[in-house]
Amino acid sequence: PNPSSGPVTLALEQLPQDAVLVVRDALGREVQHQRVSGHYTTFTFSHSGVYLVELWNGIERTSSQRLVVE
């Protein structure tokens, strides 16, 4: 759900090769970076705010989504 108040699960229909999930805060600072090995990935946030969740295939960003955490 968006906004979220707990753990967030990202469901991917297609999993890019060498997939990496990058989460940035409202100032553009990278706050989380993790490899994605399955079609479902769960992550949590320690602070409320607005985040940008990006999916990379190792070379380029394939998608991004804004996420509000309460």
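A. Representation of the packing of aromatic side chains within the structure. With the rule as written, the count across this model stands at two aromatic pairs. Centroid distance F43 to F45: 5.4 Å. Interplanar angle 70°. Geometry classified as edge-to-face. Side by side, F43 and F45 carry an identical accessibility label, which is buried. Each ring, one from F45 and one from Y51, has its centre 4.5 Å from the other, and the planes form 35°; the classification is tilted. Since its relative accessible area comes to 16%, F45 is described here as buried. Among the aromatic residues, ring-to-ring pairing joins F43, F45 and Y51 into one connected group.

B. Examining the nonpolar core more closely. Residues V23, V36, F43, F45, V53 and L67 are the most contacted members of the largest nonpolar core, which totals 13 residues. Of all elements in the fold, only β2 (20-24), β5 (49-56) and β6 (61-69) reach the threshold of two or more residues within this core.

C. Fine view of the pattern of salt bridges. Following the criterion strictly, the structure yields three salt bridges and no others. Across the pair R29 and D25 runs a salt bridge, and its minimum N-O distance is 2.8 Å. The class for R29 is exposed, based on a relative accessible area of 51%. Residues R61 and E54 are paired through a salt bridge, measuring 3.1 Å at the closest nitrogen-oxygen approach. Here E54 falls in the buried class, since its relative accessible area comes to 4%.

D. Highlighting the pairing of strand β4 (residues 40-43). Only one face of β4 is covered, namely the face carrying T41 and F43; the face carrying Y40 and T42 is uncovered. With four bridges joining them, strand β1 (residues 8-11) and β4 adopt antiparallel strand pairing. Bridge pairing in β4 links L10 to T41.

What counts and what doesn't
Residues numbered from 1 in each chain as written. Predicted model: local features only at pLDDT ≥ 70, side-chain atom pairs only at ≥ 80, totals over all residues. Heavy atoms only, no water. Phe/Tyr/Trp six-rings, centres within 6.5 Å; stacked < 30°, edge-to-face > 60°. Buried < 20%, exposed > 50% of the residue type's maximum accessible area, 1.4 Å probe, protein only. Core = buried A, V, L, I, M, F, W, Y, C linked by side-chain atoms within 4.5 Å. Helix = DSSP H or I, 4+ residues; strand = E, 2+ residues; numbered from the N terminus. Salt bridge = Lys/Arg side-chain N within 4 Å of Asp/Glu carboxyl O. Pairing = 2+ DSSP bridges.

Functional significance is not addressed by these values, which are geometric in nature.
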